[in-house]
Amino acid sequence: VRLRTHADTFKLKVEPGKTYLLRLINAALNDELFFSVANHTLTVVEVDAVYVKPFTVRTLVISPGQTTNVLLATKPAYPGANFYMFARPYSTIRPGTFDNSTVAGILEYRNPGSLSSSSFDKALPIFKPMLPYFNDTNFVTNFTTKLRSLATKQYPAAVPQAVDRRFFFTIGLGTLPCPKNMTCQGPNGTQFAAAVNNVSLVLPTTALLQSHFTGLTSGVYAANFPAMPLSPFNYTGTPPNNTHVATGTKLLALSFNTSVELVMQDTSILGIESHPLHLHGFNFFVVGQGFGNYDAVNDPAKFNLVDPVERNTVGVPAGGWVAIRFLADNPGVWFMHCHLEVHTTWGLRMAWQVQDGSKPSQKLLPPPSDMPKC
């Protein structure tokens, strides 16, 4: 393959025989991404600013909002070639469309025999990495299950061993009636929507945190978000005929220092899909995941409570579920949402209301005196 490149293509200049730390961030709005560097391996050492047990791959997957730090060891000698760095979407949308383009950068070795270190040699051969197929869920699962906390004395994994409150959230799409005088693209002329436990969050005109702090919550929100689906169904089987979601501004209230276990279940409504869920204000431990409907009797026995990965954004598997645990020790109102921008806009979001603790250090700080009013 001969190189055809634009002047603004990103080029990472490296030297032979060295190890480089690459800090990767998925800043895309709506795409989970595969990433690979041709003819090189990547050793994963950190995700979402938390160390993990190192493991080496040729390709990794990273969701919007996630970070991954990897070590890249260069060739021991000048290879006389350049190497593409590719990123391409992972998508399970069916039916639907997605951006299947591939973005590229170039890993460029400095030639120790060249007097110039700034020029890019277009005459050199350039190699391409082989990325997984766009809907390769098995690859994604194999990658994510490799992620483990260090769980050492210096970097312990403080996984909540006991649970105070358990929650079960459905995560998925749905519909709303099309507003008058509008043309909607959902099924049968409906409007696309998304919801957590069938509640599509409506953002209020008054800030949730401000309302919580002042106690003036009437007409802003209600602390009655459902702890589980109000109308259970076969979540990954044939979807129900009624796909309409409810709308509202509902929060889920937690006492300070509550130990939480949350299972998030993908649904087949309008098609199964991977949803990267991001929680503000906390890290959590990913203690389990699987496909199909979560089994509350048998699946908890498979949870990893020793060295699960700790992070702040996790993919709910397409047609499956993920279980997380966290300690609600940060008072305030904390947004949790799908990190696919289109789904967040459609309402795939909710918020946790964590009450103050008894000690001064456990109470929500007042807003700064110069903070602009909403």
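Keep in mind it's a predicted model, so treat the numbers as computed, not measured.

Glancing now at the side chain of Glu310. Its place among the elements puts Glu310 in strand β19 (residues 310–311). No salt bridge is formed by the buried Glu310. Its closest oppositely charged neighbour is Arg311, at 10 Å. Polar contacts involving the side chain of Glu310 include one to the side chain of Asn283, which spans 3.3 Å. Those residues in contact with Glu310 that sit more than four places away from it in its chain are Val47, Val50, Ser149, Asn283, Phe284 and Phe285.

Right, let's get into the sheet that holds strand β15 (residues 251–254). Read from one edge to the other, the open sheet built from five strands follows the order β15-β23-β22-β17-β20, with strand pairing classed as mixed. The two strands at the open ends of the sheet, each matched to only one other strand, are β15 and β20 (313–316). When the angles between neighbouring strand axes are averaged without regard to direction, this sheet yields 25 degrees. In this structure, strand β17 (residues 275–279) lies alongside β20, joined through four bridges in antiparallel fashion. In the strand pairing of β20, His278 is matched with Thr313.

Our next topic: the state of the cysteines. Evaluation of the coordinates by the stated rule reveals one disulfide. Each disulfide pairs two cysteine sulfurs, and for Cys178 the partner residue is Cys184, the sulfurs being separated by 2.2 Å. Between Cys178 and Cys184, the disulfide has an S-S torsion of 85 degrees and is therefore right-handed. Among the residues examined, Cys178 registers a relative accessible area of 26% and is labelled partly exposed. Owing to a relative accessible area of 14%, Cys184 belongs among the buried residues under this scheme.

We now examine the nonpolar core. Judged by nonpolar contacts, the single largest core of 68 residues is most densely connected at Phe169, Met264 and Trp352. For this core, the element with the highest residue contribution is strand β8 (residues 82–90), accounting for six residues. Each of domain 1 (11–146) and domain 2 (165–362) gives at least three residues to this core. Grouped together as the second largest cluster of nonpolar side chains are eleven residues, Ala157, Phe168, Tyr235 and Trp321 included.

Cut-offs applied
Residues numbered from 1 in each chain as written. Predicted model: local features only at pLDDT ≥ 70, side-chain atom pairs only at ≥ 80, totals over all residues. Heavy atoms only, no water. Helix = DSSP H or I, 4+ residues; strand = E, 2+ residues; numbered from the N terminus. Buried < 20%, exposed > 50% of the residue type's maximum accessible area, 1.4 Å probe, protein only. Lys, Arg positive; Asp, Glu negative; His and termini not counted. Salt bridge = Lys/Arg side-chain N within 4 Å of Asp/Glu carboxyl O. Polar contact = N/O pair within 3.5 Å; in protein donor to acceptor, adjacent residues only side chain to side chain. Contact = heavy atoms within 4.5 Å. Pairing = 2+ DSSP bridges. Axes fitted to C-alpha atoms, helices over the stretch in contact; angles between N-to-C directions. Disulfide = S-S within 2.5 Å. Core = buried A, V, L, I, M, F, W, Y, C linked by side-chain atoms within 4.5 Å. Domains from an automatic or database assignment.

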